[in-house]
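Chain residues, written in single-letter form:
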Amino acid sequence: MRILITGSLGYVGAALLSHLRDRFPGADLVGFDSGLFADCLTTPGAAPETLLDVQHYGDLRDIDASLLAGTDAVVHLAAVSNDPIGARFAPATDAINRAASLRLAALAAAAGVGRFVFASSCSVYGSAEGEARREGDALNPLTAYARSKIAVEDGLRAMDRAGMAATCLRFATACGMSDRLRLDLVLNDFVAAAIAGGRVEVLSDGSPWRPLIDVRDMARAIEWAILRPREPGGDVLTVNVGSAGRNHRVRDLAEAVAAAVPGTTVSINQDAAPDTRSYRVDFSLFRELAPEHQPRVELRGSIGRLVRGLRAIGFADAEFRRGDRTIRLNRLSTLLRDGALTAELRWRARAAPGHSAAA
Ligand SMILES: NC(=O)c1ccc[n+]([C@@H]2O[C@H](COP(=O)([O-])OP(=O)(O)OC[C@H]3O[C@@H](n4cnc5c(N)ncnc54)[C@H](O)[C@@H]3O)[C@@H](O)[C@H]2O)c1
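Parameters at a glance
- Residues numbered from 1 in each chain as written.
- Predicted model: local features only at pLDDT ≥ 70, side-chain atom pairs only at ≥ 80, totals over all residues.
- Heavy atoms only, no water.
- pLDDT = per-residue confidence, 0-100.
- Contact = heavy atoms within 4.5 Å.
- Near = heavy atom within 4 Å.
- Polar contact = N/O pair within 3.5 Å; in protein donor to acceptor, adjacent residues only side chain to side chain.
- Areas by Shrake-Rupley, 256 points an atom, 1.4 Å probe, with all protein chains shown as cover.
- Helix = DSSP H or I, 4+ residues; strand = E, 2+ residues; numbered from the N terminus.
- Buried < 20%, exposed > 50% of the residue type's maximum accessible area, 1.4 Å probe, protein only.
- Pairing = 2+ DSSP bridges.
- Right-handed = clockwise from strand over helix to strand, strands pointing away.
- Arc of directions from axis to C-beta.

**A look at the confidence of the model for the chain**
Per-residue pLDDT for the chain averages 95, and the proportion of residues at 70 or more is 97%. Every residue in residues 355-359 scores below 50 in pLDDT, and together they form 14 contacts with partners more than four places removed in sequence or on other chains.

**Some thoughts on the site of the ligand**
Taken together, 31 residues lie near the ligand, and D33, L60, S81, Y145 and R182 sit nearest. Measuring from a nitrogen atom of the ligand, one finds a backbone N or O atom of L60 at 2.7 Å. Note that an oxygen atom of the ligand is positioned 3.0 Å from one of the side-chain N or O atoms of R328. Here the ligand, which alone exposes 830 Å², has 98% of that area covered by the protein. Those elements that place two or more of their residues in the shell around the ligand are helix 1 (11-23), strand 5 (115-121), helix 4 (144-158) and strand 8 (173-175). The biggest single contributor to the shell around the ligand is strand 5, with three residues.

**A closer look at the pairing of strand 11 (residues 236-241)**
Successive residues of a regular strand alternate their side chains across the two faces of the sheet. For strand 11, the buried fraction is high: six of the six residues fall into the buried class. In strand 11, alternate side chains face the same way, and those of V236, T238 and N240 on one face and L237, V239 and V241 on the other are all buried. Of the strand pairs in this sheet, strand 7 (residues 165-171) and strand 11 are connected by six bridges, and their pairing is parallel. What sits directly across from T167, in strand 11, is L237.

**Focus: the pairing of strand 2 (residues 28-33)**
Most of strand 2 sits out of view: five of its six residues are buried. Across five bridges, strand 1 (residues 2-6) lies against strand 2 in parallel orientation. Looking across to strand 2, one finds that I3 is bridged to L29. One crossover worth recording links strand 1 to the parallel strand 2 by way of helix 1, and it is right-handed.

**Thoughts on helix 10 (residues 328-337)**
For helix 10, the full list of buried residues reads R328, R331, L332, T334 and L335. The buried residues of helix 10 occupy an angular sector of 155° when projected down its axis, which confines them to one face. Where helix 10 is buried, its residues meet helix 2 (83-88).

See the structure below:
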């Protein structure tokens, strides 16, 4: 089996590569990434891409059809991958997340790829008071990022797939340790702040709901999507991925982190304006379709592994939110300021990392 993984050098990519190598030891695993965060490693060990058969460096907007030849499954993670980056780089978000993703899907279908797994997001529900949101409920995208995810879901449904089955995994907010850790995610931010500064600062009043999923459970869901039978679910399936027990209030996350890192204080901003991104998600379709691939990592497990992982790399940077190692928007801003990237998030040739190098 040959699996092409775009976004292989990302936060989720790192966890996925080790999971897929473990589950499919004989598979041909091929990575594709432009390497925006290639040197942002957070492991004392080998870089995760060493688990691949080959890592290609390139821009998704230019990906060549030849890379898809003989491929059984595409796992498409590459994206401008959060709301703040989407807001700052809206045209690039549309060009990469929507247009280039749909072009990739069309190339995959034309090459006879059997499975296309798309990393969508629960952010498509936006602000959603009341009942937990199900897949058929009205969407309320608040950002360019969320709109781009909906456009790809719709495009996959409408296109000529030539027999290719597509699965859109609407992931809950990711959390947990990875060899390319991001600290611009709520739980990861809290744990890093506790370890480096002994203090968790909740910017909202702590009441908003956040559905969370550990990156290891995201990898297990992707494995399911690669292998799932076409029925039930159908040729194009959109499914929320997470679990009922992991819809948390932000203040409960902060308290759980404080309990796990002794000496941590929690400050909650009681005067904060209401957070518009509060939503709960219903994961019962995923439970029904993928009983063997349900999330297993509990909140305590995610926190514990983050604590151990951060300690293993000697993490002590209380100013990490200003830095450009783990905060994606800061990293892109640095690359832009240094002239390494264009405003379209393309590398200038002299700065581009790697060239289709074997891993
Ligand atoms: N992290 C989350 O909370 C979360 C939740 C739901 C869905 N997702 C989705 O999962 C996927 C992976 O997320 P992540 O957290 O690993 O993101 P990430 O930002 O860590 O990784 C994305 C990768 O895509 C690559 N990339 C970006 N633009 C590219 C381009 N033009 N050409 C080639 N490569 C490009 C980057 O270099 C990076 O390595 C994304 O599609 C994201 O939207 C993430």
